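# Coordinates in review
Now for the letters of each chain:
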Amino acid sequence: MPELRKDPVTSRWVIIATERGKRPSDFAKESTVKKHGFCPFCYGNEDKTPPEILAYRDPSTKPNTPGWQIRVIPNKFPALQIEGDLGRRGVGMYDMMNGIGAHEVVVETPDHDKSICDLSDAEVENVIWAYRDRGVDLKKDLRFEYILIFRNHGEAAGASLEHPHSQLIATPIVPKRVQEESRSARQYFEYKERCVFCDIVRQELSSGERIVAENKNFVSFCPFAPRFPFETWIFPKRHSPDFLNVTKEEAMDLARILKETLMRLKKSLNDPPYNYILHTSALRKQDSEVEHWHFEIMPKLTKVAGFEWGSGFYINPTPPEDAAKYMREVEL
């Protein structure tokens, strides 16, 4: 019989459609064939991108030349424009402002054919530090209220270029979904005097049935009420509202668990398309008692259609317990 499960953070209900009975092997797809066309992110093409904002490179090399390990550049086709004023205004009953923000690309490696889970622990840690360094710098711009870091892997997940990269967008408002998450976490705290995310981490560690990977500082698990098959979250075990305060030890452990989780996903489902996002506290108005930064990884294995758009429910044909067990048992 299908199950209805409620997300304890957002109060969103999902349908675990067990009668559809999709096993992990049912999602396996043929390997994606690399196109290997011209790539502006590859070594030697640095002049084909906007000038770098940040680079971890050999100190003997010059900016915008080969010799880098990670390179952060402005997006050539930005969703928001960094120059200008917000210009808040009303048009009758409607609110408007200028599309001000920052849109940057983190080129994660010079190697076109690797994914983030194929990198060394140290290389993934450098990706983490690039996220953190750019966040710290952009926080100084008082026009920005939030920084969203995300990664699109595979064409079906929105990646327009194959070269491994992630993106960062700083926005002049806190995104609606982040506000809803924070508001729901505050309501839970007012009722129970505990962080809902800390409670989730404790319960998942206690039961173990949805755990994918764990180390000293982090745990990854399939959430109790996942929107998508094989959806996986990564949380710091300690209560920590702001990703920008990540410590050296935490960055090392985060690199290891992010790499392992993505590799388990890759091995389980033959390198599926996915999106991951980083949710952290707002830049200005933080609610440190209830916010708890984390990564959400969402494979693109099913389609969102009319029922989902009309109702807000999601239909997931694979119980998270089955997905977690399958990922735990895959050989790395």
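Everything in this summary refers to the structure shown in the same document. Just so we're clear, the structure is a prediction, and the values are computed from it rather than from any experiment. All residue numbers refer to positions counted from 1 along the written sequence of the respective chain. Per-residue local features of the predicted model are confined to residues with pLDDT of at least 70, and side-chain atom pairs are confined, for both listing and counting, to 80 or more; whole-chain, interface and lining totals are unaffected and use all residues. Hydrogens are left out, water is left out, and the side-chain values use all remaining heavy atoms of the structure.

## Looking at the overall build of the protein chain
Only DSSP runs of H or I covering at least 4 residues are called helices, and only runs of E covering at least 2 are called strands; the numbering of each starts at the N terminus. From N to C terminus, the protein chain includes six helices and 15 strands. Since a compact globule built from 332 residues should have a radius of gyration of about 20 Å, the 20 Å found for the protein chain is in line with a globular shape. Accessibility here uses a 1.4 Å probe with only protein chains present; expressed as a share of the type maximum, an area under 20% marks a residue as buried, one over 50% as exposed, and anything in between as partly exposed. Counting every position in the protein chain, which comprises 332 residues, the buried fraction comes to 52%. At a minimum sequence separation of 6, the contacts of the protein chain that also span at least 24 residues come to 69%. Surface accessibility of the protein chain: about 16100 Å² in total, with carbon and sulfur atoms responsible for 54%. For the protein chain, the distance from the average position of its 47 positive side-chain charges to the average position of its 50 negative side-chain charges is 1 Å. Note on method: radius of gyration uses C-alpha positions; expected globular size equals 2.2 Å times residues raised to 0.38. A contact between two residues is defined here by any heavy atoms of the two lying within 4.5 Å. For every accessible area listed, the method is Shrake-Rupley and the probe measures 1.4 Å; residues are considered covered only by the protein chains on display. In this tally, Lys and Arg are treated as positive and Asp and Glu as negative; His is ignored, and so are the chain termini. For charged residues, the charge sits on one atom: NZ in Lys, CZ in Arg, CG in Asp, CD in Glu.

## What to know about unusual backbone geometry
Positive phi values are uncommon outside glycine, yet Ser 11 reaches one of about 65°. Following the sequence through the fold, Ser 11 ends up in the loop between strand 1 (3–6) and strand 2 (13–16). Residue classification places Ser 11 among the partly exposed positions, given a relative accessible area of 40%. Even without being glycine, Asn 64 reaches a positive phi, approximately 65°. Mapped onto the secondary structure, Asn 64 falls in the loop between strand 3 (54–57) and strand 4 (68–74). Since its relative accessible area comes to 29%, Asn 64 is described here as partly exposed.

## A look at the environment of Pro 51
Counting through the fold element by element, Pro 51 comes out in the loop between strand 2 and strand 3. Residues Pro 51 and Pro 63, spaced twelve residues apart in sequence, show a C-alpha to C-alpha distance of 8.1 Å. What Pro 51 contacts, discounting residues up to four positions off in sequence, is Asn 64, Ile 73 and Pro 74.

## A few points about the packing of aromatic side chains
Centres within 6.5 Å are what make two rings of Phe, Tyr or Trp a pair, Trp counting through its six-membered ring; a difference in plane orientation under 30 degrees is then read as stacked, over 60 as edge-to-face, and the rest as tilted. Using the criterion set out here, one finds 13 aromatic pairs in the structure. Ring geometry for Tyr 43 versus Trp 68: centroids 5.4 Å apart, planes at 65°, classification edge-to-face. Residue Tyr 43 is located in the loop between strand 2 and strand 3, and its partner Trp 68 is located in strand 4; the two are separated by 25 residues in the primary sequence. Its relative accessible area of 42% is what places Tyr 43 among the partly exposed residues. With a centroid separation of 6.1 Å and an interplanar angle of 65°, the aromatic rings of Phe 221 and Trp 233 are classed as edge-to-face. Of the two residues, Phe 221 sits in strand 11 (residues 218–221) while Trp 233 sits in strand 12 (residues 232–236), which places them twelve residues apart along the sequence. The exposure class assigned to Phe 221 is buried, which follows from its relative accessible area of 0%. Take Trp 233: its relative accessible area is 6%, and that puts it in the buried class. Pairwise contacts between aromatic rings join Phe 218, Phe 243, Tyr 274, Tyr 276, Trp 293 and Phe 295 into one cluster.

## So, the sheet that holds strand 2
By this definition, two strands are paired if DSSP reports at least two bridges between them. Spatially, the three strands line up as an open sheet ordered 1-2-15, and their pairing is mixed. In this open sheet, the two edge strands, each paired with only one partner strand, are strand 1 and strand 15 (314–316). Adjacent strand axes in the sheet meet at a mean angle of 30° when their direction is disregarded. Bridging between strand 1 and strand 2 involves four bridges; their strand directions are antiparallel. Helix axes are fitted to C-alpha atoms over the stretch in contact, other axes to C-alpha atoms as well, and angles between N-to-C directions run from 0 to 180 degrees.

## Observations concerning the side chain of Glu 46
Inspection of the secondary structure puts Glu 46 in the loop between strand 2 and strand 3. Salt-bridge detection follows one rule: a side-chain nitrogen of Lys or Arg within 4 Å of a carboxyl oxygen of Asp or Glu. This buried residue, Glu 46, is left without a salt bridge; Arg 71 holds the nearest opposite charge, at 5.6 Å. Among all residues touching Glu 46, those that are not within four sequence positions of it are Asn 64, Thr 65, Pro 66, Trp 68 and Arg 71.

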